Amino acid sequence: MSSASAAAPIAAAEDREVLDAQSLSFIVGASAVGTIIEWYDFYLYAVLTPFLAPIFFPPGDSTSQLLSAFAVYGAGFAVRPFGAIVFGRVGDVIGRKYAFMVTVSLMGFATFLVGVLPSYETIGLFAPLILVTFRMAQGLALGGEYGGAAIYVAEHAPDHKRGLYTSWIQTTATIGLFIALGVIMTTRLYFGDAVYKDWGWRVPFLISIFLVAFALWIRVRLQETPVFRRMKAAGQTAKNTASWAKDSFGGSRVGVILLVLFGMTAGQAVVWYQGQFQALNFFTVYMKTQYVDAYTILLIALVAGTPFFVFFGWLSDRIGRKPIILGGCVLAAVTYIPIYETMIQYANITYDAAGKITGAKPDIMMESFLVFIQVLYVTMVYGPIAAFLVEYFPAKIRYTSLSIPYHLGNGEFGGWLPYIYTGIVAATVTTDKYIPWLGVFDFRWLNPDNNPNGNILAGLYYAMAIALITAVVGWFFIPETKDNKIWDELDAIAPAPARAGA
């Protein structure tokens, strides 16, 4: 057999020697462990946003505090594309391994520092200002981490199993969220509400320093990818910043990045964040569910749903990336309203005399099933996305070109979803609590019955609209990539000195 994809995961003889020392399972595992820890670090604040709002922001109106906290949450996402550019250059010029060694270090130390940050009561406005700085450092780190991990695995995997192998990296975000939820719930129950509000909330952030040390110990044992090593030996990598910028952004490159953004990653992002984070916020913020019940529901759904990342990655190797990713976008868009209406039905909500929601005692298993459906959509849009992105962009600029549309989608469209959702719902009740840059709009028409809680489903329209736009753009303008052979591309620019199995 003469093709690289059919003969072996690694085309060159010396690259096969690397795999003798580092099995593909070790490569996937080492890459995934570090990325899980990064997601855990990043999502601690996300899970605790409603809890931390009164700790780090000026006292007063609770909706304003929550919007401010979600704005800081969004800031961490907003800078992710800049991290993609910074670390994309490092990954394309210096190497894949070096880039994601730096990112895990930056993420871990920023998370640890959040754990020692004084509250608003202690240092006033410096508290939210410093918190924003740490969140932006985390966002920069994550902007470089994901692309590095996905590419590292993809550039070791055989062409015909790239969806399967990279899908393991796709599980890391959900596993990181699962661990964050588990650690937070365990520590809250152990310390009790009073101690947790005082200082116990710091513990999940502080233990990050030990997790980062473990991730670095694992990753220092990894070697550079065979794709990058062969390109570098052949003199095909970017020599400096100017040549890297020309290759990455010259000609039609910016247009291609935008096409991938609107035709793939924007829809993937809103389905991901609606189906997991905003589902959690829906329980705790809008239906006033006790955190133990809300966390339990999400944990059950995540455990049940996570294996489907690998299933849909495997399936995408057979039927293609497009039908699965775009199919998930369409399913989410057309079923979100009935799913969330059913979630309200099984929440057993209690109201006060004015009709305001005061609490809920949900049917755990039914709600878990309804969130599981949303997690299933997440696995459809997210499981094959790494394989698609790796195959869509050439090796020379892959780290940068892959990372930018991914983090624009997940940073801007997905990361700001909780803020946008909260602002829209608030604006269905009154016009003095809305998203500042949407202040010209009055969303009370979405609440014709003048429900004092507002229309708590109104925020879904944002995710539904973006998902449908992506489905249309992606279907008509994005080509299928599952048959793209990155090893054939590499042989065209840096031929292998020996072919295994030729």
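What counts and how
- Chains are numbered independently. Their residues run from 1 in the order of the written sequence.
- Only residues with pLDDT of 70 or above have their local features reported here, since the model is predicted, and side-chain atom pairs are shown and tallied only from 80 upward, although totals for entire chains, interfaces and linings are computed over all residues.
- In computing side-chain values, all of the structure's heavy atoms are included and hydrogens and water are not.
- A run of H or I in DSSP becomes a helix once it reaches four residues, and a run of E becomes a strand once it reaches two; helices and strands are each numbered from the N terminus.
- Exposure categories follow from relative accessible area, calculated using a 1.4 Å probe and restricted to protein chains: below 20% of the type maximum is buried, above 50% is exposed, and the middle band is partly exposed.
- Calculation of accessible area relied on Shrake-Rupley with a 1.4 Å probe; when residues are assessed, cover is drawn exclusively from the protein chains displayed.
- Criterion used throughout: strands pair if DSSP finds at least two bridges between them.
- Here is the rule: rings of Phe, Tyr and Trp (six-membered ring for Trp) pair when centre to centre is within 6.5 Å. Planes less than 30 degrees apart are stacked, more than 60 are edge-to-face, and the remainder are tilted.
- Put simply, a charge is over a ring when the Lys NZ or the Arg CZ is close to the ring centre, within 6 Å, and near the line of the ring normal, within 35 degrees.
- Note on terminology: a nonpolar core comprises buried Ala, Val, Leu, Ile, Met, Phe, Trp, Tyr and Cys residues joined through side-chain atoms within 4.5 Å.
- Any pair of residues with heavy atoms lying within 4.5 Å of one another is described as a contacting pair.
- Surface patches are drawn from residues lacking salt bridges whose relative accessible area is over 30%; two like charges belong together within 9 Å, two nonpolar side chains (Val, Leu, Ile, Met, Phe, Trp, Tyr) within 5 Å.
- Every case where a carboxyl oxygen of Asp or Glu lies within 4 Å of a side-chain nitrogen of Lys or Arg is listed as a salt bridge.
- Here, expected helix span is obtained from the residue count minus one, scaled by 1.5 Å.
- Each axis is a line fitted through C-alpha atoms, and for a helix only the stretch in contact is used; angles between axes span 0 to 180 degrees, taken between their N-to-C directions.
- The labels follow the angle: roughly parallel below 35 degrees, roughly antiparallel above 145, roughly perpendicular from 65 to 115, and oblique for the rest.
- For a crossing to be left-handed, the near helix must be turned anticlockwise from the far one by less than a right angle; the clockwise case is right-handed.
- Any residue that is not Ala, Val, Leu, Ile, Met, Phe, Trp, Tyr, Cys, Pro, Asp, Glu, Lys or Arg is counted as polar, Gly included; the first ten are nonpolar and the last four charged.
- For a residue, the bend is simply the angle between two axes, fitted respectively to the seven-residue segment ending there and the seven-residue segment starting there.

Participant: Could you clarify how one ought to interpret the overall build of the chain in this entry?
Facilitator: Each helix and strand in the chain was counted, giving 23 helices and 2 strands. Residues counted as buried form 60% of the 502 residues belonging to the chain. Total accessible area on the chain is roughly 18100 Å²; 67% of this is exposed by carbon and sulfur atoms.

Participant: Looking at this structure, I do not really get the pairing of strand 2 (residues 357-360). What am I missing?
Facilitator: Working note: regular strand, side chains alternate between the two faces of the sheet. Pairing between strand 1 (residues 349-351) and strand 2: 3 bridges, direction antiparallel. Pairing of Ile349 across the sheet is with Ala360, part of strand 2.

Participant: Mind showing me how you'd approach the packing of aromatic side chains here?
Facilitator: For any pair of aromatic rings, the description rests on two quantities: the centre-to-centre distance and the angle between the ring planes. Applying the stated criterion across every chain yields a total of 29 aromatic pairs. Centroid distance Tyr43 to Phe277: 4.5 Å. Interplanar angle 55°. Geometry classified as tilted. Linking Tyr43 in helix 3 (residues 24-56) with Phe277 in helix 14 (residues 253-286), this pair joins segments that are 234 residues apart in sequence. In this structure, Tyr43 and Phe277 share a single accessibility class: buried. Ring centres 6.0 Å apart and planes at 80° place the aromatic pair Trp201 and Phe205 in the edge-to-face group. The class of Phe205 is buried, set by a relative accessible area of 0%. Of the aromatic side chains, those joined through ring pairs into one cluster are Trp39, Tyr43, Trp272, Tyr273, Phe277, Phe309, Tyr382 and Tyr406. It is Lys322 that lies over the ring of Trp475; its NZ or CZ is 4.9 Å from the centre.

Participant: I keep staring at unusual backbone geometry and nothing clicks. Help me out?
Facilitator: Leave glycine aside and you will find that most residues have negative phi; peptide bonds, for their part, are mostly trans. Non-glycine residue Lys288 carries a positive phi angle of around 55°. Backbone geometry places Asn348, a non-glycine residue, at a positive phi of 55°. Position of Asn348 among the secondary structure elements: in the loop between helix 17 (322-345) and strand 1.

Participant: So what exactly am I meant to see when it comes to the nonpolar core here?
Facilitator: Generally speaking, nonpolar side chains in soluble globular proteins are found buried as a group. Membership of the largest hydrophobic core comes to 137 residues, with the highest contact counts inside it found for Tyr43, Tyr295 and Tyr382. For this core, the element with the highest residue contribution is helix 3, accounting for 19 residues. Residues within four places of Tyr295 in sequence aside, it is in contact with Val47, Leu48, Leu181, Ile184, Met185, Arg188 and Leu280.

Participant: What exactly am I supposed to notice about a nonpolar patch on the surface here?
Facilitator: A cluster of nonpolar side chains, namely Val254, Leu258, Phe262 and Ile469, defines an oily patch on the protein surface of about 320 Å² accessible area. Sorting elements by how many residues they give to the nonpolar patch places helix 14 first, with 3 residues. Looking at the element boundaries, Ile469 is found in helix 22 (residues 460-477).

Participant: Even after reading the chapter, I still don't get helix 6 (residues 96-114), so can you show me in this structure?
Facilitator: For helix 6, which comprises 19 residues, the first-to-last C-alpha distance of 28 Å matches the rise-based estimate of 27 Å (1.5 Å per residue) to within 8%. Restricting attention to buried positions, one finds in helix 6 the residues Arg96, Ala99, Phe100, Met101, Thr103, Val104, Ser105, Met107, Gly108, Ala110, Thr111 and Val114.

Participant: Can you help me understand the packing of helix 14 against helix 20 (residues 398-414) in this one?
Facilitator: Two numbers describe a pair of packed helices, the interaxial angle and the distance between the axes. The contact between helix 14 and helix 20 brings their axes to 8 Å, and the two run at 45°. In this view, helix 14 runs oblique relative to helix 20, as classed from their interaxial angle. The handedness of the crossing between helix 14 and helix 20 is right-handed. Where helix 14 abuts helix 20, its residues Ile257, Val260, Leu261, Phe262, Thr265, Ala266, Gln268, Ala269, Val270 and Tyr273 lie against Ser401, Ile404, Pro405, Tyr406, Leu408, Gly409, Asn410, Phe413 and Gly414. By residue class, the composition of the contact of helix 14 with helix 20 is 13 nonpolar, 6 polar and no charged.

Participant: I'm lost on the pattern of salt bridges in this one. Help?
Facilitator: When charged atoms on two side chains of opposite charge get close, those side chains can pair. A complete count under the given rule lists 6 salt bridges for this structure. For the salt bridge of Lys361 with Asp293, the shortest nitrogen-to-oxygen distance reads 3.2 Å. Of this pair, Lys361 sits in the loop between strand 2 and helix 18 (364-382) while Asp293 is found in helix 15 (residues 291-305), placing the two residues 68 residues apart along the sequence. Using a relative accessible area of 54% as the deciding quantity, one classes Lys361 as exposed. Residue classification places Asp293 among the buried residues on the basis of a relative accessible area of 12%. Its salt-bridge partner being Lys482, residue Asp483 comes within 3.1 Å of it at the nearest N-O pair. Taken together, the shared-partner salt bridges connect Asp159, Arg162, Asp317, Arg321 and Glu391 into one network.

Participant: Can you walk me through helix 9 (residues 162-200) in this structure?
Facilitator: Note that an α-helix has 3.6 residues per turn; residues three or four places apart therefore point the same way. The first and last C-alpha atoms of helix 9 sit only 42 Å apart over 39 residues, clearly below the 57 Å expected at 1.5 Å per residue. At Gly192, helix 9 shows its maximal bend, which comes to roughly 115°.

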